[in-house]
Structure formats: structure tokens, C-alpha cells
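Listed below are the residues making up each chain.
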Amino acid sequence: MAFRAPRFTAYGSALLLAFGSLTVMSAGTAAAAPPSPELCGPGSAINFDRTDFQAWPQVDNKWFPLTPGMQFTTTGTVTSQDGVHEHSVVHTVTGLTKVIDGVTTRVMWDRDYDDGELVESELAFFAQTRKGAVWLFGEYPEEFENGEFVGAPSTFVSGIAKAQAGIAMQALPRTGTPEYVQAYAPKVDFLDCGKVFQKHQYLCVPTGCYNNVLVIDERNPLEPDAGHQRKFYAAGTGLVKVTAVGGPDQEFMDLVSVKKLGAAQFAAVNAQALEQDERGYTVSRSVYAKTPRAQLG
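Residues numbered from 1 in each chain as written. Predicted model: local features only at pLDDT ≥ 70, side-chain atom pairs only at ≥ 80, totals over all residues. Heavy atoms only, no water.

### Details of the environment of Phe 149
Keep this limit in mind: Runs of H or I in DSSP of at least four residues are treated as helices and runs of E of at least two as strands, each being numbered from the N terminus. Think of it in three bands: residues with accessible area under 20% of the maximum for their type are buried, residues over 50% are exposed, and the middle band is partly exposed, with areas taken using a 1.4 Å probe on protein chains only. Contacts are residue-level and defined by heavy atoms, with any inter-residue pair within 4.5 Å sufficient.
Residue placement: Phe 149 occurs in strand β8 (residues 148-151). Note on Phe 149: relative accessible area 37%, which makes it partly exposed. When neighbours within four sequence positions are excluded, Phe 149 is seen to be in contact with Glu 142, Glu 143, Phe 144 and Val 283.

Below, the structure written as C-alpha cells:
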């Protein structure tokens, strides 16, 4: 399960997403994108080699397992200048695959709700290297306001418009190691940096108590005043908690449900995700329409 950084919604607050959303910058800061290949600092250059990836997207990294048919729900709040809003995300690992930048990826489908109203429906694409690192290859996030579809302006796909895949989870996360790029897409002002902050933590959330929790600190170096997110990953489960450190918009989320979908539910999810994939060819003609269509694997 993945969870991305907040986005601006109709409320004007910074909200998500997921397994999986984008860190938004102003046009001014976008122009200041770092020219160095070490986008997150020394040692963070992206070393992408499509031959490193498995031929089939089996994602079994213990901190970031993506088993088709599994569904995770996180809930919490977002506090911003216009108040506190309830926030929930339903993350589903689909049975779909999609080839992006020459790599066959697993498709995640996230449904993002603010105060009970759908604000985003996103397809996100992940693949794992033979050594076990999980990479994010792009996102197609459809946005909604007052229940109406308004577009997908934050779409990015590795290999198109200078976007680059990045590491969603390292194979062997260790403290004291350099930051790493989680993905970079200059045309939509996306840059997230991750760093192993803590290991072997213990915490409890509504789904239970977990030992050996890994904590990743995430930031956007182009917005130093935006604060950080801390994401907590339990071995064998994935993301179990999200907290905020500093910044004007703060999000706190806990894992509240983990379930394996039945055959009928899984088929329905795959059908809806395929519909969204198909819609992307009309909505995002300059980016998403350049990718092969998703397939039911």
C-alpha cells in the first residue's frame, strides 16, 4: 500500500494523494527546479535501468507488499487554514498491469475522500527490481469538486515530459544512508525525497499493534517551509500511519482496515480501474494517451 503527499482540493487545503498524490509548487518555485541529477542532495541521483526489473510485477518487498485483491483503508484528518477536515483513502491492489517506460508495472487504485466526498481517484504504477526495491513509475489522478469530475492535471508518467521513476521503498532500508528520489516530474512540479528516519519502532493503530516499524521521512526540497511527512511501515503489512512535522497543512492518518476482496468485489474493482485507464486516453492526451493500455493479468 502506498500513500502520496497532499494535494490542494476545492477546500483550498493540502490534501492527498497514496500507494498514494503530488507535492504541489507555485509556478515560481517550479522554475527553480534543481539542475543537479542529485535532486535530493548528495548520493540521490536516480539510477534507473529497466533491465533491473522483474519481467512480471510481483511486489513482495516486506515493507511495501502489493498483493492483488488486498484493500487497505486509512483515515484521519487534515488541518489547514480553513479548518480541520476528515480524510480517508481506500487503497486497492488491482489485478491490472501496465507497461510504463519499458517496465511492466502493477496498478494501484486509490479513492480519496474529504469530509465524505470523493476528491480524487488515482491509478498509480509500481514495479520491483530483482533485488527488491519498489519503484513508482507514474500516477493518473482524476480530481473532483462538489462531486463533479474536473480533470487530471497532475498526471505524470516516467519517460514522458522528462518525468523519471523513483524509489517508493528501498530493498534494504538503513538509517544513516542518503536521501533518495521517490519520483521526479518537472512538468507537474513533482519532486519527493525520502530518507530512512527510524527503524525497530513499536506502535498501535486501529488494525493492531506492530513491532519492527520502519519510519520514512519525506520532504519536498523545493518548498523548505512546507514541512515533512513521516510514514510508518510495518513488515508484512505496509503503511500503517502518517504524521506531519511542521508546515501550514498537516495530515495525520491511521490504518483502520485491511481486507482481502472476494471474487465479485475484485472483479468489480478491476472493471472500474480499467474504465479509468480507458478514460485517461481522452483526458490526458499529451501524456497518458502515449502509454499502452492496462491489461488484466
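### What about the pattern of salt bridges?
We count it as follows: Salt bridges are counted wherever a side-chain nitrogen of Lys or Arg sits within 4 Å of a carboxyl oxygen of Asp or Glu.
Summed over the entire model, instances satisfying the criterion amount to eight salt bridges. As a salt-bridge pair, Asp 101 and Arg 50 come within 2.8 Å of each other at their nearest N and O atoms. Taken together, the residues Asp 101 in the loop between β4 (83-100) and β5 (103-114) and Arg 50 in the loop between α1 (27-30) and β3 (70-80) connect sequence positions 51 residues apart. Of the residues examined, Arg 50 reaches a relative accessible area of 43% and is grouped as partly exposed. The shortest N-O distance in the salt bridge between Lys 231 and Glu 218 comes to 2.8 Å. Residue Lys 231 is found in strand β14 (residues 228-234), and its partner Glu 218 is found in strand β13 (residues 208-219); the two are separated by 13 residues along the sequence. When sorted by exposure, Lys 231 lands in the same class as Glu 218, which is buried.

### Thoughts on the environment of Tyr 281
This is how it is decided: Two N or O atoms form a polar contact when they lie within 3.5 Å of each other; inside protein one atom must be a possible hydrogen donor and the other a possible acceptor, and for residues adjacent in sequence the pair counts only when both atoms belong to side chains.
By the secondary structure assignment, Tyr 281 is in helix α2 (residues 263-283). Judged by its relative accessible area of 9%, Tyr 281 is buried. A C-alpha to C-alpha distance of 8.6 Å links Tyr 281 and Thr 291, two positions ten residues apart in sequence. Here Lys 98 takes part through its side chain, which lies 3.0 Å from a polar atom of the side chain of Tyr 281.

### Here's the deal with the side chain of Gln 170
Looking at where Gln 170 falls in the secondary structure, it is placed in the loop between β10 (164-169) and β11 (180-185). Among the residues examined, Gln 170 registers a relative accessible area of 17% and is labelled buried.

### So, the confidence of the model for the protein
The criterion, for reference: Values of pLDDT, ranging from 0 to 100, describe the predictor's confidence in every residue of the model.
With 88% of its residues at a pLDDT of 70 or more, the protein shows a mean pLDDT of 90. Counting contacts from residues 5-34, a segment whose pLDDT is below 50, to residues more than four positions away or on other chains yields 125 contacts.

### A closer look at the packing of aromatic side chains
Short version of the rule: Geometry of aromatic contacts follows a simple scheme: Phe, Tyr and Trp rings, the Trp one being its six-membered ring, pair when their centres are within 6.5 Å, and the pair is stacked under 30 degrees between planes, edge-to-face over 60, tilted otherwise. Two conditions define a charge sitting above a ring: the NZ of Lys or the CZ of Arg must be within 6 Å of the ring centre, and it must be within 35 degrees of the ring normal.
Considering all chains together, one arrives at twelve aromatic pairs under this definition. Geometrically, the ring pair formed by Phe 64 and Phe 126 is tilted, given 5.4 Å between the ring centres and 50 degrees between the ring planes. In this pair, Phe 64 is assigned in the loop between α1 and β3 and Phe 126 in strand β6 (residues 117-128), connecting sequence segments 62 residues apart. Taken together through their ring pairs, the aromatic side chains of Phe 48, Phe 53, Trp 135 and Phe 137 make up a single cluster. Over the aromatic face of Phe 197 sits the side chain of Arg 230, whose NZ or CZ is 3.8 Å from the ring centroid. Arg 293 extends its terminal NZ or CZ atom over the ring of Tyr 281, reaching a point 4.0 Å from the ring centre.

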